[in-house]
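Coordinates in review
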Amino acid sequence: MFDLRDLLRPHLRELIPYSSARDDYQGSFGVFLDANENPVGSITPEKWNRYPDPYQTKLKEKIAEIKGIIPGHIFLGNGSDEPIDLLFRAFCEPGVDNVIINPPTYGMYKVSADINNVTAREVLLTSDYDLDVDGIFEAMDMQTKIIFICSPNNPTGNDVTLSKIEQVLKAYNGLVVVDEAYIDFADRPSFIEKLSAYPNLIILQTFSKAWGLASLRLGMAFCSPEILSVLNKIKAPYNLSGLTQRTVLEALENKEEKDEMVSEILSSRTELKRLLSELPIVKKIHPSDANFYLVEIDNASEYYKRLIEKKVIVRDRSKVVLCDNCLRITVGTNYENFKLVQALKEIELV
Ligand SMILES: *Cc1c(COP(=O)(O)O)cnc(C)c1O
């Protein structure tokens, strides 16, 4: 049986969290002399002298509406990096507990594990970049607290088989993180639909990709109210700036614009694939459910360097396990994609 208290690090079970001025008094009118703010104003033209809402109530209400869930299932953080780190700090005892990751995958899970002195057990994806469920079951033990599954996966681009994720969710009593940073580019519903079925499920999404707000640093985690209350207890009190909260709240009024950008990127993705597939140096374009392609090219690192000389920057993944001779190429605008392909052709001629 799944019991969150068993997973939580013992010293956090009785933790008394920091109580901010905005926790103690939640009204919005009055003479506020409770937070040592500057009463005169700000050094900027716009006023930012008051502390922001620590629980981002308005923004969560809006996001809840868009995602079709209630605010009580939403955690917002400084990028997805924040909930990733908080999960380690909440559930993984340094030097004792472990997590499972599935390389080749997003690098932050391992880095966050290392920072927190937690072992990341690596269960490689299969040769077609799918989840090795048996391998995961073999690798886990009583000290395994979290399994990180990235789908659509970075850097491979593909969705893993969704029924395999559910197999893991069903058989395992620890936490399963499904990172859906690229969900908007995938042709399937989010795992948010499954939240009520699995108390151990945590879904990560972000405003950094489809929404075009990478610089604002806004990540989302969707989870049970019990997990949410743990994350809220240990997060920094004012983890999201007022600027981020207000800007995104306003932007969500025209959320259709995100869908338009996604359609544009999806059609550029199709076009990029067509252009790349015509190049003799391209050995394989891995299927993508995201806004990038993992592309196998002869002498990939050499091409990577030569592309930089031509001011076209892609990601060299050729030293990453199961990614021999692969470059990760973000889908750009049609113009950018044309420049990339032109540069590749020129290099080819030399
Ligand atoms: C880009 C990306 C993120 C986003 O991280 P932020 O901190 O929200 O910018 C999360 N997970 C994966 C797999 C990514 O590729």
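Here, the structure is the one placed above.
Conventions and cut-offs
Residues numbered from 1 in each chain as written. Predicted model: local features only at pLDDT ≥ 70, side-chain atom pairs only at ≥ 80, totals over all residues. Heavy atoms only, no water. Pairing = 2+ DSSP bridges. Helix = DSSP H or I, 4+ residues; strand = E, 2+ residues; numbered from the N terminus. Right-handed = clockwise from strand over helix to strand, strands pointing away. Axes fitted to C-alpha atoms, helices over the stretch in contact; angles between N-to-C directions. Contact = heavy atoms within 4.5 Å. Salt bridge = Lys/Arg side-chain N within 4 Å of Asp/Glu carboxyl O. Buried < 20%, exposed > 50% of the residue type's maximum accessible area, 1.4 Å probe, protein only.

1. Points about the pairing of strand β3 (residues 119-122)
- Of the pairings in the sheet, the one linking strand β2 (residues 98-101) to β3 comprises 4 bridges and is parallel in character. Residue pairing in the sheet places Val-99 in a bridge with Ala-120 of β3.
- Crossover connection from β2 via helix α5 (residues 108-115) to parallel β3: handedness right-handed.

2. Considerations on the sheet that holds strand β5 (residues 175-179)
- Reading across from one edge, β1-β7-β6-β5-β4-β2-β3 is the order of the 7 strands in this open sheet, with mixed pairing throughout. Two strands bound the open sheet, and with one partner strand each, they are β1 (74-77) and β3. Across the sheet, the axes of successive neighbouring strands diverge by a mean angle of 25 degrees, strand direction being ignored.
- Its contacts with the sheet put helix α8 (residues 225-234) on β1, β5 and β6 (201-206), and the angle it makes with β1 is roughly 30 degrees.

3. Section: the pattern of salt bridges
- A full pass over the atoms with the stated rule returns 25 salt bridges.
- Salt-bridge contacts for Arg-217 lead to Asp-81; the nearest nitrogen and oxygen are separated by 3.4 Å. Of this pair, Arg-217 sits in the loop between β6 and β7 (219-222) while Asp-81 sits in helix α4 (residues 81-91), and the two are 136 residues apart along the sequence.
- Arg-217 gets classed as partly exposed once you look at its relative accessible area, which sits at 28%.
- Salt-bridge contacts for Lys-110 lead to Asp-114; the nearest nitrogen and oxygen are separated by 3.0 Å. You can see Lys-110 and its partner Asp-114 sitting in helix α5, 4 residues apart, about one turn around the helix.
- Looking at Asp-114, the relative accessible area reads 44%, which means it is partly exposed.
- Among the ionic contacts, a cluster of salt bridges with common partners joins Arg-22, Asp-34, Glu-37 and Arg-50.

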